[in-house]
Amino acid sequence: MGDVANNLTFMMTSMFLMVYMTDIAGVSAGVAGTIYGVTKIWAGVADLIAGQTVDRTNTRWGRLRPWLLFGSTPLAIVFVLLFSVPAGLSPALTIAWIFLLDAIFQLAYSFVNIPYGSLASAMTQDPVDRSKLSGARSIAASLSGVALSAVVAPQFQDTTGDGVRLQFTLTTAALGLVAVVLYLICFKNTKEVVPRSATPISLKRTLRMIRKNQPLLVLCLAAFFLLASMFMMNAVAMYYARYILGNAGWYTFLTLAQAVGTVLIASLVPGITTRYGKRNGYIGAAAITVLAFVLIYLVPSGSLPMAIVAWLAFGVGTGGTNALMFSMQADTVDYGEWKTGVRAEGGSYSILSFIRKVGQGVGGWAGAALIGAYGYAAQADVQDATAQQGIRLATGLVPAGIAVLAGVVMIWYTLNVDTHRAIVRDLNVRRSEGAISSTFGVDSSRVRSEELGDTRDLLLRPRSRGTLPVVTIFEREGAGATDIGPAVAEKLGVKYVAQKFSSDQVAGVTTHALTSDTAFDRWLRAVSYTGTQDADMARAIDFAEDHVVAETNRRELLKLAENGAVIAGRNGALVLGRAVGSLHVRLTAPIEKRIERVMSKTGLSAAEAERRIAVEDRVRAEMSRNLYQWDPHTDEYYDLVINTGTVTYAQVVDMIVGYYRSKYPEADSSAPTSTPPPST
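Chemist: Help me understand the overall build of the chain, please; the structure alone is not making it clear to me.
Modeler: Scanning the chain for helices and strands turns up 24 helices and five strands. The proportion of buried residues among the 680 residues of the chain is 58%. Surface summary for the chain: the accessible area is close to 26,100 Å², and the carbon and sulfur share equals 62%.

Right, here's the structure in full:
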């Protein structure tokens, strides 16, 4: 509901303000484009101002929700006034009215949108749940844009009637009222339960990082060109519907086709990333965007079906680039930390957000300037051939050329999958070293030992205290870790640490909860941040919170492993991958055997047990990818991968213990002896 409220105002100004200025308020296309461009760039500054202010807020309602309560009504009032230019004003006063109110609107919108976009991270730390919330935002944004165009676009078919100004005042008043009601419902039915833990944006830290972050600079430049092309077309698309297709009301069908294309590609982006890589996927999506612009230029006058095809392709191309842009942005944060030692999610995303807003402004200004140069006649029933050619160029060929630049620039984006994977591994080691160093108050150089020949060189405790057994176990649900892990711990004489979110906990709730991860839930997670064009800072907060959760887990793991332990799950194989004295095990078994075991433990039916296994395996892997950018089902992270379906649990325990003792004979003798290990 909050995203619908946001888009009733944001999309109204993005899609219809330009044509309102020229065809109702009587401002020339060139001046209208200048206002549009300047206020969009100002919107990027307003986001930074709002972000800094919101960070310092603390009330009895929370830190974010009060802005929905107190900021929504001023936003709605300014929104209505923006589309209520009085008749009879001089040209200079008309320009001043629109410019000042649009600037105030952008500021008011930032003070509602920034806290609203951060709200999901304050509601839950579960990255899977946050992905679902973000997916819901994307769908709401797409659908509200379609609904808005259905209501507003037909009103531009005749802009010369006596009551047209009052009509727009009443329309925006109704939209503003609906938006306020939705904001208040959102305020009332959400709760901030997660304290803010992300690092505040620091301009100094950001500039220090960005100077040496070549992938981020390339991504920002590509984003500038891409957003310029998109908003050049968006700003003048209503002119296209009215004068090229011949019916302003048909704009609704175009926005619907774009929304369908955006949502369609969102479901495919994970597969595209896996198969082709993010950079190649982005270039491919940009190529589809270029093709869409060319098709838009070539659509014959009055041909709605071909225009729908073109806008569908436009949605596919821009939806793909948008999704991949945010994904690559997350990778550049890791690169910046690896290169400079400075991690700046908020600063990195704020830079991208500002560049995107500049691109929006420049694109909108260029579109209006182009149609003005080709002789666009405001409020005319028809446009001559020259003016129509200007509209075609502004929605087709010129944006296509700019989008080509967005794709070409990405050739210099060198942060591929293999490079990022190596960076993440190196960062993991550095972070663990730093956590141990700060725990023991020693220089980080003393945390490393000479490599022992098995890539284990991270000391979990001072050498003087010996080496204690550390075994991590990760399983496919039903492979037996809850039985095998404690037995291994007993034989090695160390404690057993269960998974943080255990299967037993899940089994204690209702059967419905065990099987509630529906195809729709998975689809929602897949479309996160694809339908929204204004979610930069929300993504920054989510990514920062993921990092905080991951680092909290890292410190907990290092503390648990300090005196030896057998640890289930918790991404132990990655975090403790280089720990001296560690052994990493993955357990699996045939699906039939795992279903049988889950049925025996929980009393579920075969179908419910199979469903639970699928949910457990998928969601745990999703959380690992979100928090640590790794797949826990990758065999190369483990010393042992055991099929527990062909041997007994006791034999598996003996395998793990025997392998550990042969690999680390010195660790066994230094293990605690308060509970003597049973004879093998």
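Chemist: I tried to follow the packing of aromatic side chains on my own but got confused; where do I start?
Modeler: Two aromatic rings are characterised by how far apart their centres lie and by the angle between their planes. Applying the stated rule across the entire model yields 18 aromatic pairs. Ring geometry for phenylalanine 16 against phenylalanine 156: centres 5.7 Å apart, planes inclined by 15°, an arrangement best described as stacked. Of the two residues, phenylalanine 16 is situated in helix α1 (residues 2-23) and phenylalanine 156 in the loop between α5 (127-152) and α6 (164-188); the sequence distance between them amounts to 140 residues. Ring centres of phenylalanine 105 and tyrosine 109 lie 6.1 Å apart, and the angle between their planes is 20°; this geometry places the pair in the stacked category. One end of the pair, phenylalanine 105, and the other, tyrosine 109, are both in helix α4 (residues 91-123), four residues apart, so they sit about a helical turn from each other. Classification of phenylalanine 105 as buried rests on a relative accessible area of 0%. An aromatic cluster of at least three residues, connected via ring pairs, comprises Phe10, Phe16, Tyr20, Phe79, Phe83, Phe105, Tyr109, Phe156, Phe168 and Tyr251. Seen from the ring of phenylalanine 187, arginine 65 lies directly overhead, with NZ or CZ sitting 4.2 Å from the centre.

Chemist: What is the right way to look at the environment of leucine 207 in this model?
Modeler: In this fold, leucine 207 is placed in helix α7 (residues 203-210). Through-space distance from the C-alpha of leucine 207 to that of isoleucine 351 is 9.5 Å; in sequence the pair is 144 residues apart.

Chemist: Any chance you could explain the packing of helix α21 (residues 591-602) against helix α22 (residues 606-628) here in plain terms?
Modeler: Relative placement of two packed helices is described by the angle separating their axes and the distance separating the axes. Look at α21 against α22: their axes get within 9 Å of each other, and the N-to-C directions meet at 105°. When the interaxial angle is binned, α21 and α22 end up roughly perpendicular. Taking contact as the criterion, the partners of Ile591, Arg594, Ile595, Val598, Met599 and Thr602 in α21 are, on α22, Ala606, Ala609, Glu610, Arg612, Ile613 and Asp617. For the contact of α21 with α22, the class distribution of residues is seven nonpolar, one polar and four charged.

Chemist: Mind showing me how you'd approach the sheet that holds strand β2 (residues 495-497) here?
Modeler: Sheets are built from strands paired through backbone hydrogen bonds, the pairs being either parallel or antiparallel. Pairing is parallel in the open sheet, where five strands are placed in the order β2-β3-β1-β4-β5. Each of the sheet's edge strands pairs with one partner strand only, and the pair in question is β2 and β5 (640-643). Strand after strand, the sheet turns through a mean of 20° between neighbouring axes, direction not considered. Sheet topology note: the β2/strand β3 (residues 565-568) ladder contains three bridges and is parallel. What sits directly across from valine 497, in β3, is isoleucine 567. Set on the sheet, helix α23 (residues 649-663) makes contact with β1 (470-475), β4 (582-588) and β5; between it and β4 the angle comes to about 155°.

Chemist: Can you walk me through the pattern of salt bridges in this structure?
Modeler: Side-chain pairing between opposite charges can occur once the charged atoms of the two side chains come close. On inspection of all chains with the given rule, the structure shows 11 salt bridges. Where lysine 593 meets glutamate 596, a salt bridge forms, and the shortest distance between an N and an O atom there is 4.0 Å. Separated by three residues within a single helix, lysine 593 and glutamate 596 lie in helix α21, roughly one turn from each other. Classification of lysine 593 as partly exposed rests on a relative accessible area of 28%. Residue classification places glutamate 596 among the partly exposed positions, given a relative accessible area of 48%. Put simply, Arg476, Arg594 and Asp617 are held in one network by salt bridges that share partners.

Chemist: How should the packing of α1 against α4 be read in this particular structure?
Modeler: Their axes nearest at 11 Å, the elements α1 and α4 cross at an angle of 160°. On the basis of their axis angle, the class for α1 and α4 is roughly antiparallel. Taken as a pair, α1 and α4 cross one another with a handedness that is left-handed. Touching Gly2, Asp3, Asn6, Thr9, Phe10, Thr13, Leu17 and Met21 of α1 are Ile98, Asp102, Phe105, Tyr109, Val112, Asn113 and Tyr116, all from α4. Class assignment for the residues of the contact of α1 with α4 results in eight nonpolar, five polar and two charged.

Chemist: What is the right way to look at the environment of lysine 188 in this model?
Modeler: Positionally, lysine 188 belongs in helix α6. Expressed as a C-alpha distance, the spacing of lysine 188 and tryptophan 61, which sit 127 residues apart in the sequence, is 9.9 Å.

Chemist: What exactly am I supposed to notice about unusual backbone geometry here?
Modeler: You will see that arginine 570, though not glycine, has its phi angle at about 60°, which is positive. One can find arginine 570 in the loop between β3 and α20 (572-575). Despite not being glycine, asparagine 571 has its phi angle at roughly 60°, a positive value. Structurally, asparagine 571 can be placed in the loop between β3 and α20. We classify asparagine 571 as buried; its relative accessible area is 13%.

Chemist: Looking at this model, I keep getting lost on the nonpolar core. Mind explaining?
Modeler: Here is a general trend for soluble globular proteins: nonpolar side chains tend to be buried in one another's company. Core analysis: the largest hydrophobic core is formed by 125 residues, its most contacted members being Phe16, Phe156 and Trp311. The element best represented in this core is helix α8 (residues 214-244), accounting for 23 residues. The residues touching phenylalanine 156, leaving out its near neighbours within four places in the chain, are Phe16, Val19, Tyr20, Ile24, Phe168, Met238, Arg242 and Ala248.

Chemist: What should I look at first to understand α6 in this one?
Modeler: Every α-helical turn comprises 3.6 residues, leaving residues that sit three or four positions apart pointing alike. Taking 1.5 Å of rise per residue, 25 residues should cover 36 Å, and α6 covers 36 Å from first to last C-alpha, within 8% of that figure. All of the buried residues in α6 are Val164, Phe168, Thr171, Thr172, Leu175, Gly176, Ala179, Val180, Leu182, Tyr183, Cys186 and Phe187.

Chemist: Please clarify how helix α10 (residues 278-298) should be interpreted in this entry.
Modeler: If you check α10, its first and last C-alpha atoms are 30 Å apart, about what 21 residues at 1.5 Å a residue would give, namely 30 Å. For α10, the complete set of buried residues consists of Lys278, Gly281, Tyr282, Ala285, Ala286, Thr289, Val290, Ala292, Phe293, Ile296 and Tyr297. Each element contacted by the buried residues of α10 is listed here: α8, α9 (251-276), α11 (304-340) and α13 (385-409).

Chemist: Is there a simple way to think about the side chain of threonine 588 in this case?
Modeler: Topologically, threonine 588 is positioned in strand β4. The residues contacting threonine 588, other than those within four sequence positions of it, are Arg476, Ala479, Ile642, Asn643, Thr644 and Gly645.

Chemist: Sorry, what's going on with the pairing of β4 here?
Modeler: Regular strands have side chains that alternate between both faces of the sheet. In terms of residue burial, β4 counts as a mostly covered element, since seven of its seven residues are buried. Of the two faces of β4, the one holding Ser582, His584, Arg586 and Thr588 and the one holding Leu583, Val585 and Leu587 are both buried throughout. Across four bridges, the pairing between β4 and β5 is parallel. Within the sheet, the bridge partner assigned to threonine 588 lies in β5 and is asparagine 643.

Calculation criteria
Residues numbered from 1 in each chain as written. Predicted model: local features only at pLDDT ≥ 70, side-chain atom pairs only at ≥ 80, totals over all residues. Heavy atoms only, no water. Helix = DSSP H or I, 4+ residues; strand = E, 2+ residues; numbered from the N terminus. Buried < 20%, exposed > 50% of the residue type's maximum accessible area, 1.4 Å probe, protein only. Areas by Shrake-Rupley, 256 points an atom, 1.4 Å probe, with all protein chains shown as cover. Phe/Tyr/Trp six-rings, centres within 6.5 Å; stacked < 30°, edge-to-face > 60°. Lys NZ or Arg CZ within 6 Å of the ring centre and 35° of its normal. Axes fitted to C-alpha atoms, helices over the stretch in contact; angles between N-to-C directions. Parallel < 35°, antiparallel > 145°, perpendicular 65-115°, else oblique. Contact = heavy atoms within 4.5 Å. Nonpolar A, V, L, I, M, F, W, Y, C, P; charged D, E, K, R; others polar. Pairing = 2+ DSSP bridges. Salt bridge = Lys/Arg side-chain N within 4 Å of Asp/Glu carboxyl O. Left-handed = near helix turned anticlockwise from the far one by under 90°. Core = buried A, V, L, I, M, F, W, Y, C linked by side-chain atoms within 4.5 Å. Expected span 1.5 Å × (residues − 1).

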